[in-house]
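Each chain is listed here by its residues.
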Amino acid sequence: MKSQLVKWGRRFCLIGLLVMSWLLTTVNTQAKTYQIGTDVTYPPFEFANDQNKYVGIDIDIINAVAKAEGFKVNTKQVGFNAAVQSAQAGQLDGIIAGMTITKDRQAKFDFGTPYFKTGVIMAVGKDSSITSLKQLKGKRVALKTGTAAAQYANSLKKKYGFKTVTFDDSNNMYQDVLTGNSVACFEDQPVMQYAINQGMKLKIVTKPANGGWYGFAVKKGTHKELIRQFNVGFKKIKKNGTYDKIVAKYLGNDGKSAVKGKTFTIGTDVTFPPFEFANKNNRYVGIDIDLLKKIAQDQGFHVKVKPLGFNSSVQAVESGQIDAVMAGMSITPERQAKLDFSKPYFTSGVVMATSEKGQVKNLKQLRGKKVAIKTGTAGAQYANSIKKKYGFKTVTFDDSNNMYQDVLTGNSAACFEDQPVMRYAIKKGTNLKIVTKPQLKAPYGFAVKKGTNQELLTAFNKGLSNIKASGTYNDIKAKYLGEDQQKKSVSEPQSNEDRTFIGLIKQNKDALWSGFVQTMWLTVISIIFATILGIIVGLMGVVPVKFFNWLSSIIIYLFRGMPLLVLALFIYTGIPSLTGQKIPAFVAGTITLTLNEGAYIAAFVKGGIEAVDQGQMEAARSLGLPFGKAMRKVILPQGMKIMIPSFINQFIITLKDTSILSVIGILELTQTGKIIIARNLEGFKVWTIIAVIYVVVITLLTWASNWVQRRTEG
C-alpha cells in the first residue's frame, strides 16, 4: 500500500512538473511577441496587397528578423504619425515604417542597425514644365505629415518661396499634384520610384538630397533586448541573402523581366582596378563586377564574366562573341555609333601622372617628350587629341601596369589615366603622382552591340535604378573608393599581403597552377592537330601532283606569313562577325595555333623528305616499288630522323606562342600574370615567377629533345 502511494506521488509530481513547464513555456512565448507599428500607405515598404494582406519591405524584414531570432511580431498598421506617437506612449514596442534616422528622432527613440538608404526627391506631374526648385516660387507643394521629405521641404520653402500643404498619406499627396492643386510633392526616392513604376503619372525632376537611412526604432531607454535581437537578426538575414531577396522582390525583378533566368556573357578588363581586378583569392571583384552582380541579382538574370581585356572585350561584343561589355568604358560619340549604352553609372575624368621624382608638372613641359597611354581608353583619346598642341609623342600599352612601369623606368615622362584608377594605383604603392585636374569628364556605361540585347540593356537600367534607390550602389562605391560617410579604405590593403617572391607564389599558387595547366592543354592539343595538319600538307608538297604541290605551298606561305596575333583576332572576332556564330576562346586559340604551327611543321616535313637523297627514291622505284610504298618504306624513315628535332623545337615554340592568346582572354600563364599584377602591381616579381616557370618547362623539353635525338641517331 505504501509503495503504491509512493508511485502515485511520483506520478503526480511528474505531471505537475510537465504542467508547470508547459505554463512557463507558454508565458515565455507570449512574452516574446512584440507589438510593432507600421504605416499603411507607404509602398513598397508597407501596403495592402490585392488580398488586403499587409506586405512590403518593412513587413518582410521585421518578419524575417523575428524568425531568425525566434520571437514573434504583431504588426499594427496604424499610419506613420500614429505609430510614432503610440511607440512614444508605450502602446507599441517598436516601429518600422520607412522611418528616417534623424537627430531629432534620435532624441526620442533608440534605433537599430540602419536597414535602407534613401534620399528625398521632388516629383511633378508627368506633363509639368517644372524642372527645378527655383520654379516653385509662389506655388503650392504637397507634403506628407511627419516625414523626412516634409522636413526637407520645409527647410527650403523660405529660400525658394513656396507654400506647403500636408497630408496624412502618400496617395492623397500624389493626387493633390495630379489634380493640379499642388505643383509638386516631396517624397523618399524609392517610394516615389515605386509609385511611378506602378503607373502614377508623376516624374522625378531632382536628384536625391538630404540622404539618410531608415531604421527600426523603440522608445528611448526601453526594449533594449528587442533592439539587440533586431540587430543580430538583421545581420543574419543580410548575410544569408534574405535581405537582398526582400529588396529585389519589391524594387527589383517583378517577375515580368524578359531576361529572368537567362545567362549572359559579359566581357571585362580585369586589369583595371578598382573597377575590375582579381583579389588576393583570385576572384574577380571591383566596382563594375559588384554592380553587375547586384543588378543581375535584382533583375533575376545570371552573368558569366569573361576577362578579355578592354580592347578584346569591345571587339568581342561587336563581333557577337559576348553579349555585353562592362569595363570602365567611357560613353563617347564614336562608341555610340557602334554600341548601345546603358544609363551612365559612374563619371570619371582623365588625369596626367608623372614619377614622384619627375620634373614634369603640366602639359606644356611635355614638349619633345614621350607619354605612355593605354590602348583604346579615354586617357589615350585625350592624350592623342592634345599631343600636337603640346608637342609630345605617345607610346601605347595593353594594360595599366606596363604603362605605369614605362613612366617609372623613365622611358616616358608621364601617362594619362582615369582619375579613380590612378588614385587606386597610387594607394597601392605605385610611385606616381597626379599633376593635373581631371579633364574630358565622361560617364562610364554598360554596353551591348548596337541594335542587339535591348532586353538586357533595359534590365540593366532598371536594376541600376533599383540598387541606387536601395543604397547598394553607394555601398559598392564606398567599398572601393572610400567615399561617403562610411569612409572605408580600399578593400585590398597593401600591408596585408606578403610581397616577397615566396609570398606571391603562396598567394597565387592556385591561379598560377591553373594558368600553367591551361597553357599545357593548349600546347598539347594544338601540337597534335598541328602535327596532323603539317604532315598532310608537307606530304602534299612532295607528291608527284602539281596541284597538291601548289596547294601545299599556298597554305604554308599564308599561315606562316601571318602574325599569330592577327590570326588569333581574325578567328576569334573576325569570323563570328561574318558568320554570326560564336567561337569559344579556347577553340579559337587551338585553331590559331594549329594553323600557324601546322604551316611550320609542313615546311620542315616537306624539307625533311626533300633532304633525303633523290637517289633513294629512284632506287626504290627502279626495284618496282610504287611511290607510296617507296615513301613509307624508304624515304620517311630517313626523313623522320631529320624531322624529330624540329618537331621537339616546334613543341617548345608552340608552348611559348600560347602567351599571345592572352589577347583573346584565354587564362594561360601570361594572362594570369597580367591579372595578378593588376591587383598588386608587382610587375617585376610576378613576371620573374612566370619567366622561371616557362624556362623550367622549356629546359625539360629541351632535355627530352636531346634524348630523343640521341636515341634516333643511335
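Please refer to the structure placed before this passage.
Not measured: the values here are computed from a predicted model.

Draft legend 1. Seen up close, the pairing of strand 7 (residues 116–125). A large share of strand 7 lies buried, amounting to 10 of its 10 residues. Where strand 7 and strand 12 (residues 209–214) come together, 4 bridges link them in antiparallel fashion. The residue of strand 12 that forms the bridge with V120 is A209. Here strand 7 pairs with strand 10 (residues 184–188) via 5 bridges, running antiparallel.

Draft legend 2. How the structure looks around the packing of helix 11 (residues 310–319) against helix 20 (residues 564–579). Running from amino to carboxyl end, helix 11 crosses helix 20 at an angle of 30°, the nearest separation of the two axes being 8 Å. Taken together, the axis directions place helix 11 and helix 20 in an arrangement best described as roughly parallel. Every residue of helix 20 that contacts helix 11 at Q315, A316 and S319 is listed here: L569, Y572, T573, P576 and S577. Residues that form the contact of helix 11 with helix 20 fall into these classes: 4 nonpolar, 4 polar and no charged.

Draft legend 3. Summary view of the sheet that holds strand 15 (residues 271–272). One open sheet accounts for 3 strands, arranged 15-16-17; its pairing is antiparallel. Two strands bound the open sheet, and with one partner strand each, they are strand 15 and strand 17 (284–285). Sheet analysis places strand 15 next to strand 16 (residues 276–278), joined by 2 bridges and oriented antiparallel. Bridging from a neighbouring strand, F272 pairs with E276 of strand 16.

Draft legend 4. Region of interest: the pattern of salt bridges. Taken as a whole, this structure holds 9 salt bridges when the rule is applied. Note that K220 and D110 form a salt bridge whose closest N and O atoms lie 3.2 Å from each other. Taken together, the residues span a long stretch of sequence, with K220 in the loop between strand 13 (217–219) and helix 8 (224–239) and D110 in strand 6 (residues 109–111) at a distance of 110 residues. The exposure class assigned to K220 is partly exposed, which follows from its relative accessible area of 43%. Put simply, K450 and D340 hold a salt bridge, and the shortest N to O gap is 3.1 Å. A residue pair is termed long-range when its members are at least 10 positions apart, and K450 in the loop between strand 27 (447–449) and helix 16 (454–470) and D340 in strand 20 (residues 339–341) qualify at 110 residues.

Draft legend 5. Structural detail: unusual backbone geometry. The step from P43 to P44 runs through a cis peptide bond, and the omega angle for that step is 10°. Checked against the element boundaries, P44 lands in the loop between strand 1 (33–38) and strand 2 (47–48). Cis geometry is adopted by the peptide bond preceding P274, which originates at P273 and carries an omega value of 10°. Even without being a glycine, N453 presents a positive backbone phi close to 50°. Tracing the chain through its elements places N453 in the loop between strand 27 and helix 16.

Each value, and the rule that gives it
- Residues numbered from 1 in each chain as written.
- Predicted model: local features only at pLDDT ≥ 70, side-chain atom pairs only at ≥ 80, totals over all residues.
- Heavy atoms only, no water.
- Buried < 20%, exposed > 50% of the residue type's maximum accessible area, 1.4 Å probe, protein only.
- Helix = DSSP H or I, 4+ residues; strand = E, 2+ residues; numbered from the N terminus.
- Pairing = 2+ DSSP bridges.
- Axes fitted to C-alpha atoms, helices over the stretch in contact; angles between N-to-C directions.
- Parallel < 35°, antiparallel > 145°, perpendicular 65-115°, else oblique.
- Contact = heavy atoms within 4.5 Å.
- Nonpolar A, V, L, I, M, F, W, Y, C, P; charged D, E, K, R; others polar.
- Salt bridge = Lys/Arg side-chain N within 4 Å of Asp/Glu carboxyl O.

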